[in-house]
Structures are given as C-alpha cells and as structure tokens.
Amino acid sequence: VNQLFLALDYGGTKHTAAILRSGERVWAAHSLVFSPPGANAAYDQATLLRMARELLVQVPGRLSGIGVSFGGPVDATRGLVRLSHHVPGWEDVQLGAMLQREFGAPASVDNDANVAALGEWRFGAGQGANSLFYLTVSTGVGGGWVLNGRVWNGADGMAGEIGHCVVRPGGTPCVCGKKGCVEAEACGPSLARKAAAWLTDNPGASSLLREYSGNRPATLTGEIVARAAADGDRIAVGILDGSAEALGQGIGIAVNLINPERVVLGGGVTKAGDRWWDGVRRAARAQALPQARVEIVSAALSDDAPLWGAAALAMAAMGSVHGNR
Ligand SMILES: [Zn+2]
C-alpha cells in the first residue's frame, strides 16, 4: 500500500500544501494559494483544509501522517499554535488536534524555522550531518536546530532564536524591545532602514543608493543595498559588511555553544553576494574557538524548505511510533 504524507505550510503571505509518497523525492501533488489582504486564522484554516482535501482526492493511498510548518510560535509537544505575528486569530489554536480529527492521521506541528531546519537536514544542504543549525535571513532572522536527526525545541520551544541575541549592545532597536539583536542588525529591512537613514542624514551626498532608489529613501530594499554594494558604493558596502559581521558573530556564538557539524543559511539576504558570505564566515570564524569547525553553507531548498520539512516531520513522527527513527 502506498503510504502518503501530507505537508502543510501556513505562511504569513501564502499557503502551500503537498503530498509525498513514501520513498519518493518529488511531490505527488502540490498546491499554492496567496493570502488576500486582511486574511485571518479562520480563513487560513479553511483554505488549507480545502487544499488538503483536493490533493488527497488526486492521490490514491492511505494517509500515514501530517506535518505542519507554521509561521509563528508553536508549542510543538502539544501541536498548539500560540499566535501569529502577521495574521489575527491564531491565539492558542489546537491545530494538530484539529488536523488529526479531520484526516484521521497523526499530525505534528512546529514553527517554520525548526521545520525548515528539518527539511534541509533530510532533503537539502544538511544531508549527512549529525548536527545542524539552520538560519533564515530575510525579513527577520530565525533559526532551528536538528540534533541527532530530531528538531531540538528547547524547554519552552524557544531554541534557535538567534535573531534576538544581542551582538551590538546599544545598537539598532529591535522589534523585541532590545537593541542590537542579530535580527535588528542583519535582516533585509534593517539594511534598507540603515541606507535610508544615511540618505536622509546626508541630503547633498551622492551615492548609488540615491540613484537606485530614485532619491526616495522609503523605497529602498535590502536587495537594492546589496546591488549598490556589488557596484562599489562605499556606503552600501559599509552597511552590508556591518550586517554580515553581526550575523557572523551570532553564528560564532552558536558554534561555541553547540559545535554543530554544519550551519545552513537560507532566506533572501543570503543572495547578497560573495562579499556578504565572506564577511559572515570571517566573523563567525573570529568568534568561534579555533578547534570548532565553522562550516557555513547555502540552503538547497530555498522557499520550499518548510514544506519539505513538514513532510520530514510527518515521516519522523510516524517513525517514532514504530520505533525506527
Ligand atoms: Zn530582538
């Protein structure tokens, strides 16, 4: 009998669902829906239920497990969504139990960074590593640990939160209320904000940043800053170097604490070019003790990491039930 695993990714701006047959590396069925403005938890739940039902009709077989990636804090041991920072109505939702009731198969739920870490470990750039730290560097900075083939959630589900480790005391204010967190110094929007602040503070100075943004600082993005840096703009280079250094310092601290075999970086900011990668690696190496390896590689699954991780989560839960993880 064909064993099927259902993978669901509840994102802030889009939802994806897919079915994987055991032993295969391509989706048996896949669907993607972008969220309309003003979507709430009820919309999200109804949408993914409908997507999953439609996929299951397309693929014959028995559903053996469900894995879920959720874009927000999750109590993974209880399959409980704590809240979403982007979509209202997700406070204390028993998502795992709801899916289990609906589809009659065990459901495992975890946050997107942890699930993406598992996806890269099982199907991507983390294959073969006994211990892995995964970071996503995009609009925020998130992280997840896979240790001995399992996600390490920590006592309160808070493991891997490298984004809110302070590496620049008194530095850039962070959404969490502190200053100088890795996220506040290294995420994509922080590159844009720093560049915009410089343009505003130096109205007469010429810079590719001004040219590329049409002299509208508010339209700057991390991508534009990276492009200006690649084209040799001194200010953009300084901003990019500073952000790479802050991130690398954070990674070096994580290396000293856990000594992972491999560190995998995903997210839009990782497309900033070789200079950024060199800066991250140099700062991590400088922070880590010389005996600890610092192997920092690019993610292989890009935006699909949470969905592949959700499939891996479903398979891992099934494996642990039968004692052959
Ligand atoms: Zn913070």
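Residues numbered from 1 in each chain as written. Predicted model: local features only at pLDDT ≥ 70, side-chain atom pairs only at ≥ 80, totals over all residues. Heavy atoms only, no water.

Thoughts on the sheet that holds strand E10 (residues 150-152)
Selection rule: Criterion used throughout: strands pair if DSSP finds at least two bridges between them. Each helix is a run of H or I in the DSSP string that is no shorter than four residues. Each strand is a run of E no shorter than two, and both are numbered from the N terminus. Comment: axis = line fitted to C-alpha atoms, over the contacting stretch for helices; angle = value between 0 and 180 degrees taken between N-to-C directions. Here, two residues are considered to be in contact whenever any of their heavy atoms come within 4.5 Å of each other.
Strand order in the open sheet formed by five strands is E10-E9-E8-E11-E12, with mixed pairing between adjacent strands. Each of the sheet's edge strands pairs with one partner strand only, and the pair in question is E10 and strand E12 (296-298). Each strand axis lies, on average, 30° off the axis of its neighbour in the sheet, ignoring direction. As defined by bridge partners, strand E8 (residues 131-137) adjoins strand E11 (residues 262-266) across five bridges and the pair is classed as parallel. Opposite Tyr 134, over in E11, you have Val 264 as the bridge partner. Docked against the sheet, helix H3 (residues 112-123) engages E8, strand E9 (141-147), E10 and E11, running at close to 50° with respect to E9.

Quick word on helix H9 (residues 274-287)
As a reminder of what qualifies: Expected span of a helix: the number of residues minus one, times 1.5 Å.
For H9, with 14 residues, the first-to-last C-alpha span of 20 Å sits near the 20 Å given by 1.5 Å per residue. Next to the buried residues of H9 lie helix H8 (234-258), E11 and E12.

Description of the environment of Arg 227
Along the chain, the position of Arg 227 falls in helix H7 (residues 222-230). Separated by 15 residues in the primary sequence, Arg 227 and Tyr 212 have C-alpha atoms spaced 8.8 Å apart.

Focus on the confidence of the model for the chain
In plain terms, the rule: Each residue gets a pLDDT score, which is the predictor's confidence in that residue and runs from 0 to 100.
Per-residue confidence for the chain gives a mean pLDDT of 94; residues scoring 70 or more make up 98%. pLDDT under 50 marks residues 321-325. Its contacts with residues more than four places away, or in other chains, come to four contacts.

Brief notes about the sheet that holds strand E3 (residues 29-34)
What the five strands build is an open sheet, ordered E3-E2-E1-E4-E7; its pairing is mixed. Here the strands that pair on one side only, and so sit at the sheet edges, are E3 and strand E7 (107-111). Averaged over all adjacent pairs, the angle separating strand axes in this sheet is 15°, with direction ignored. Examined bridge by bridge, strand E2 (residues 14-21) and E3 share six bridges and lie antiparallel to one another.

Some remarks on the packing of aromatic side chains
Keep this limit in mind: Here a pair means two rings of Phe, Tyr or Trp (six-membered ring of Trp) with centres within 6.5 Å. Their orientation is stacked below 30 degrees between planes, edge-to-face above 60, and tilted elsewhere. Each residue gets one of three labels from its accessible area relative to the maximum for its type: buried under 20%, exposed over 50%, partly exposed in between, using a 1.4 Å probe on protein chains only.
Within the structure shown, the criterion is met by seven aromatic pairs. Measuring from centroid to centroid gives 6.2 Å for Tyr 10 and Phe 70, while their planes differ by 45°, and the two rings are tilted. With a gap of 60 residues between them, Tyr 10 in strand E1 (residues 3-10) and Phe 70 in strand E4 (residues 62-70) connect regions that are remote in the sequence. Here Tyr 10 falls in the buried class, since its relative accessible area comes to 1%. Ring-pair connections join several aromatic residues into one group, and the members of that group are Tyr 10, Phe 70 and Trp 90.

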